[in-house]
Amino acid sequence: MAAPCRKMASRSFSRLLCYFSSTAVGSGACRRFSVTPIDRATPLGSTAADRATSPWSLMAAVCLQRLPVISADCSPIEQRFKQMLQQMELEKSLVSDHELRLLEDAEKMSRRQAADYDSDEEDRGDQEIMMTQDLEDTWEQRLKNFHPAPRVRADVDEDLSSAQRCLADSLVLLAEQQVGAEKLWLLPQAAWQEGETLRQTAERALDSVTAAGVKATFLGNAPCGVYKYKLPKAARTEGSVGRKVFFFKAILADGAPGSAPTAPLLWVKKSELQEYLKPAYMTKVDRFILNL
Amino acid sequence: MSSVVSRCIFGVLSRQAATSRLFLGECNPAVQSPWFSPVATLKTSAPLRAEPKKKKKVDPRRELMVRERLKKKLKKLERVPPEFIPIEDFITPAKCLDETRVRIPPTLSFEESESRALLLKEWSRYKQEQHMAEVEAIELALEAQKEALEELKMESEELYRAALTPDPLLLPFTHEGPAYTPPIPNYDAPDGKAIVGSSQHGHRVAAVLSGEAVRKAPGHRIKRMETQQYLSLQKKPGKQPVALQTFRILRLHRWQLPTHSD
């Protein structure tokens, strides 16, 4: 009687402490606050007790995003505004050196073609060899000689498993995983094990699904979303009534993927997510995937 | 005859004594003996006899005085406040005030000006919608995160605390933003020229910050830092003659420095 009471008291007290400290400034305060003699008395015991009583089994999933590589095309209103703005800026500006040279050259040409042209007056030893128009032509030529990579490649865009598709949008990684009896498309997830944080679980999930060379930066230790679901009655046990999946955000670093992935993967835009995810899952995931 | 002999002997004796005295180095030039002429005394001067020169007491004091005077001059000149390096962006260059560069503003028709005004309004509406959508998206994401943290707290305190700890390895986080075209695979970019600190002051700022000596252009006052730097650079091992130091310092503090090649 006394032992469970003490445990309950300690748990509620530590929860109270955490509640107060979470409202304090910064999580550093929370960390310092939590090292109290009461907590020290039952460190692992409290976690085990928590986990034992809770009917939810924990899982962590990773929301890996490949950010846009090229700038998006302008929408019609953006294009119109851009043109108008350029026109207005040109009207308000001063004449540049290059334009002055063009005007001077034009004047010289017109003077030369005039009937009463005296070449001795105009011709000087320090005459420029290059006319301004020729300069412009050389620049144009140099620009034409440079071949940039194409912005849009239709064949790559259609290949859903390639990370190079739709370079103007941000893509999310989906993996087909066995959940219960069926195979579903969802964000790569893994079950939480004792002794690791949820972020480590998410990292493990990513490593299990992708190839070895994939580099991702996880954005912090905190989850960005949660999805909890109850298992069908047949699969429910004493320990787990349902599952809570915590999502962690990661950004794909630039680099070659290397070897082929271990599981079937998809890189999809936010608009295409609906076709692959279940509706309840989709509503939760939709909130934290930003398409800005 | 005996007096002559005695005189001769005396003379010989005295000469011998004189010569012996000469050899012993006890010759007193003040003693005017008929056998020693002033020419002889010059030949017996200090370096020949290897005697250390007697230093006048005024000399070390004079050197100290000279050094103090130089230091005072330096301090007076250093007290002058250093001129500020002008911010070149704030000075309108003379090229822009040239009248030949003014464009003739075109006359806009009524329709054109109307369409511009309407487009501006449409644009502000578009941008406002975009901004509100962004704010809403961020709020949704924050709400999702709060919910996730609450659920985690209900599950396990330790994991909750671990989730709240900041990640020290995350920042500084860099990511190359989108360009107009995607990167060309295995592209070897050609080398270009970089003009660093092309302006006079740019050079000075860069040199002063890196601690190098700066060559002053004529007509400029020298700043305190540069004076000290110049003097510190001049410190060579061994003692330099005072006259040369004075010359160098005076050259530094002239208003117009002669330009000499480096």
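Please read these numbers as outputs of a predicted model, since none were measured by experiment.

**Here's the deal with the confidence of the model for chain A**
All names here are of chain A. Considering every residue of chain A, the mean pLDDT works out to 81; 75% of them sit at 70 or more. Across chain A, the secondary-structure element scoring lowest on mean pLDDT is helix H2 (residues 26-34), at 42, and the one scoring highest is helix H5 (residues 76-92), at 96. A low-confidence stretch, residues 3-7 (pLDDT under 50), is modelled with zero contacts involving residues beyond four sequence positions or located in other chains.

**Observations concerning the pattern of salt bridges**
Residue and element names in this part refer to chain B. In total, this model carries 22 salt bridges over all chains according to the counting rule given. Among the salt bridges present, the one from Arg 116 reaches Glu 112, with a minimum N-O distance of 3.4 Å. Within this pair, Arg 116 and its partner Glu 112 are both found in helix H5 (residues 110-155), separated by four residues, close to a single helical turn. Under the relative-accessibility criterion, Arg 116 is labelled buried at 9%.

**A short note on the packing of H5(A) against H5(B)**
In contact at an axis separation of 10 Å, H5(A) and H5(B) are set at 130° when each is read in the N-to-C sense. Put simply, H5(A) runs oblique to H5(B). The way H5(A) lies across H5(B) gives a crossing that is left-handed. Of H5(B), the residues touching H5(A) (which contributes A:Ile77, A:Glu78, A:Arg80, A:Phe81, A:Met84, A:Gln87, A:Met88 and A:Glu91) are B:Arg116, B:Leu119, B:Leu120, B:Glu122, B:Trp123, B:Tyr126 and B:Gln130.

**Looking at the pairing of strand S8 (residues 265-268) of chain A**
Residues and elements named next belong to chain A. Every second residue of S8 is oriented toward a common face, with Leu 265 and Trp 267 on one face and Leu 266 and Val 268 on the other, all of them buried. Pairing of strand S2 (residues 171-179) with S8 involves four bridges; the strand directions are antiparallel. Note that in S8 the partner of Ala 175 across the bridge is Leu 265.

**Comments concerning the interface of chain A and chain B**
Across the boundary between the two partners, chain A contributes 71 residues, which contact 55 residues of chain B. Interface area, chain A with chain B, both sides summed: about 5,600 Å², of which 62% is carbon and sulfur. For the pair chain A and chain B, the interface holds 12 salt bridges. For A:Arg287, the salt bridge goes to B:Glu147, with nearest N and O atoms at 2.7 Å. Remark: the boundary between chain A and chain B carries 25 residue pairs in polar contact (both at pLDDT 80 or more). Top contributing element to the side of chain A that touches chain B by residue count: H5(A), with nine residues.

What counts, and where the lines are drawn
Residues numbered from 1 in each chain as written. Chains lettered and ligands numbered in written order. Predicted model: local features only at pLDDT ≥ 70, side-chain atom pairs only at ≥ 80, totals over all residues. Heavy atoms only, no water. pLDDT = per-residue confidence, 0-100. Helix = DSSP H or I, 4+ residues; strand = E, 2+ residues; numbered from the N terminus. Contact = heavy atoms within 4.5 Å. Salt bridge = Lys/Arg side-chain N within 4 Å of Asp/Glu carboxyl O. Buried < 20%, exposed > 50% of the residue type's maximum accessible area, 1.4 Å probe, protein only. Axes fitted to C-alpha atoms, helices over the stretch in contact; angles between N-to-C directions. Parallel < 35°, antiparallel > 145°, perpendicular 65-115°, else oblique. Left-handed = near helix turned anticlockwise from the far one by under 90°. Pairing = 2+ DSSP bridges. Buried area = accessible area lost by both parts, 1.4 Å probe. Polar contact = N/O pair within 3.5 Å; in protein donor to acceptor, adjacent residues only side chain to side chain.

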